[in-house]
Amino acid sequence: MLLFETVREMGHEQVIFCHGKNPDIKAIIAIHDRTLGPAMGATRLFPYVSEEAALKDALRLSRGMTYKAACANIPAGGGKAVIIAHPEQKTPELFRAYGRFIEGLNGRFITGQDVNLTPEDVRSIRKETKYVVGVSEKSGGPAPVTALGVFLGIKAAVESHWESQELKGLKVAIQGLGNVGKNLCHHLHEHGMKLYVTDVDTAKTEEVKQLFGATVVSPKEIYALDVDIFAPCALGGMLNSETIPLLKAGIIAGAANNQLGDEQIHSQMLTQKGITYCPDYVINAGGLINVYNEMIGYNEEKAFQQVHNIYDTLLAIFDIAKQQKITTNDASKQLAEDRIMNAKKSKIPELAA
Ligand SMILES: NC(=O)c1ccc[n+]([C@@H]2O[C@H](COP(=O)([O-])OP(=O)(O)OC[C@H]3O[C@@H](n4cnc5c(N)ncnc54)[C@H](O)[C@@H]3O)[C@@H](O)[C@H]2O)c1
Ligand SMILES: N[C@@H](Cc1c[nH]c2ccccc12)C(=O)O
């Protein structure tokens, strides 16, 4: 990998490699862009197959956070951190050592809980640094708010795709019934939608079947179901050259980050199939909105309004895509980059020239 070339092309400001011998720690913190505010991004722990895979994940996820904040109109920049480890290697000392790296960045990067971290792990990080958000119980945690944002995104997509406001009776396939997926099922069920669900954890599928009368299918079957909406709420990269040809849904609207295997190739494939794709970092911004508001002093009304804006932002993105005949992925990128450029111009007037 041509390191500096990749980082320059993706627009990153700084990439930090953290290591230590005792405790043994390998972590990468990627700070993408701080034009709109401090870089925010949760920390993920994962047994990556290679250091290159870890770096790629950090780079792509951090850029996604910049776009997420910009599209949600949150004065924050984008960052992300990955710790290269197996969940079995987790110790409080590991997280405390990691916390000291975060503290050393003096607030340029603000983090919290992501894949394979528990609230307990985040509390260990917090012993060493104040730059941690999203662990307070006050606001109910980010996942329910993310799920609400995804539900509002589904409403916007239905309105744009079928010119209809009727949700009742629509069939939705939900992939992944974790913190967000399960909460999303609740909203969909409440609005009379029919649920088809999968998870690698059968206890979760059984629970959702009991709670909402969902039909359970295997992880392989979920793509080809004859449904109206496909909601990826598990891991990234699920929309790729193998899975897209199987899809029958008219809309893709889910919480997972980095849903597209390759942003350009696979967003084009979806457009060619006539599928309305809700860009992941636009529809899943509820969690960021929630932790940001918690950080500045939680105001329920303000946070609620910002989450509801996801609906209008998506309608605007669908319009831009239709008018300019571009993918929704490119339309959302354009919206985010315009907002960042405008902020840069107001800080450095020469840029406006
Ligand atoms: N939690 C948030 O507020 C938030 C915000 C924005 C984005 N996201 C993203 O949304 C996704 C879900 O987040 P979460 O907090 O619910 O995570 P989670 O870990 O609670 O849930 C993920 C679920 O997916 C399941 N899963 C994993 N691989 C699968 C597969 N191949 N097929 C089916 N199920 C599979 C897991 O068993 C788990 O139940 C993640 O990609 C996350 O990065 C979450
Ligand atoms: N992980 C969430 C947002 C989030 C949760 N906790 C955080 C702590 C800090 C920064 C962001 C977060 C996302 O991908 O959008």
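In what follows, the structure referred to is the one given above.
Description of the structure in this document. (Residues numbered from 1 in each chain as written. Chains lettered and ligands numbered in written order. Predicted model: local features only at pLDDT ≥ 70, side-chain atom pairs only at ≥ 80, totals over all residues. Heavy atoms only, no water.)

**Structural notes on the packing of aromatic side chains**
Moving on, step 1. Under the counting rule described, the total for this entry stands at three aromatic pairs.
Moving on, step 2. Measuring from ring centre to ring centre gives 5.1 Å for Phe46 and Tyr48, while their planes differ by 55°; the resulting arrangement is tilted.
Moving on, step 3. Owing to a relative accessible area of 13%, Tyr48 belongs among the buried residues under this scheme. (Phe/Tyr/Trp six-rings, centres within 6.5 Å; stacked < 30°, edge-to-face > 60°. Buried < 20%, exposed > 50% of the residue type's maximum accessible area, 1.4 Å probe, protein only.)

**Regarding the nonpolar core**
Moving on, step 1. Ranked by size, the top nonpolar core spans 86 residues in total, and within it Ile29, Tyr98, Phe109, Ile154, Ile174, Leu184 and Leu188 carry the most contacts.
Moving on, step 2. Ranked by the residues each element gives to this core, the list is headed by helix α5 (residues 142-162), at eleven residues.
Moving on, step 3. Discounting chain neighbours no more than four positions away, the residues touching Phe109 are Ile29, Ile31, Ala39, Met40, Gly41, Gly79, Lys80, Ala81, Tyr98, Ile102 and Tyr131.
Moving on, step 4. Formed by 16 residues, the second largest nonpolar core is a distinct cluster that contains Tyr223, Val227, Ile275 and Tyr277. (Core = buried A, V, L, I, M, F, W, Y, C linked by side-chain atoms within 4.5 Å. Helix = DSSP H or I, 4+ residues; strand = E, 2+ residues; numbered from the N terminus. Contact = heavy atoms within 4.5 Å.)

**Things to note about the packing of helix α1 (residues 3-10) against helix α2 (residues 51-71)**
Moving on, step 1. One way to put it is that α1 packs onto α2 with a least axis distance of 11 Å and a crossing angle of 15°. Between α1 and α2, the crossing angle belongs to the class labelled roughly parallel. Viewed along their axes, α1 and α2 form a crossing whose handedness is right-handed. Each of Leu3, Thr6, Val7 and Met10 in α1 lies in contact with α2, whose residues at this interface are Leu55, Leu59, Arg60 and Arg63. (Axes fitted to C-alpha atoms, helices over the stretch in contact; angles between N-to-C directions. Parallel < 35°, antiparallel > 145°, perpendicular 65-115°, else oblique. Left-handed = near helix turned anticlockwise from the far one by under 90°.)

**As for the site of ligand 1**
Moving on, step 1. Neighbouring residues of ligand 1: 19 residues in total, closest Thr146, Val180, Asp199, Lys204 and Ala234.
Moving on, step 2. A distance of 2.7 Å separates an oxygen atom of ligand 1 from a polar atom in the side chain of Thr146.
Moving on, step 3. Backbone polar atom of Ala255 to an oxygen atom of ligand 1: 3.2 Å apart, as the coordinates give it.
Moving on, step 4. Protein chains bury 79% of the 830 Å² of accessible surface belonging to ligand 1 in isolation.
Moving on, step 5. Put simply, the parts of the chain that give the shell around ligand 1 at least two residues each are α5 and α6 (179-190).
Moving on, step 6. If you tally residues by element for the shell around ligand 1, the top one is α5, at three residues.
Moving on, step 7. Here the residues of the shell around ligand 1 sort into ten nonpolar, six polar and three charged. (Near = heavy atom within 4 Å. Polar contact = N/O pair within 3.5 Å; in protein donor to acceptor, adjacent residues only side chain to side chain. Areas by Shrake-Rupley, 256 points an atom, 1.4 Å probe, with all protein chains shown as cover. Nonpolar A, V, L, I, M, F, W, Y, C, P; charged D, E, K, R; others polar.)

**What about the pairing of strand β8 (residues 194-198)?**
Moving on, step 1. Bridging between strand β7 (residues 171-175) and β8 involves five bridges; their strand directions are parallel. Residue pairing in the sheet places Val172 in a bridge with Leu195 of β8.
Moving on, step 2. Note that the unit made of β7, α6 and β8 has a crossover that is right-handed.
Moving on, step 3. As paired elements, β8 and strand β9 (residues 215-216) share two bridges and run parallel to each other. Counterpart to Tyr196 in the pairing with β9 is Thr215.
Moving on, step 4. Crossover handedness for the path β8 to helix α7 (residues 202-212) to β9: right-handed. (Pairing = 2+ DSSP bridges. Right-handed = clockwise from strand over helix to strand, strands pointing away.)

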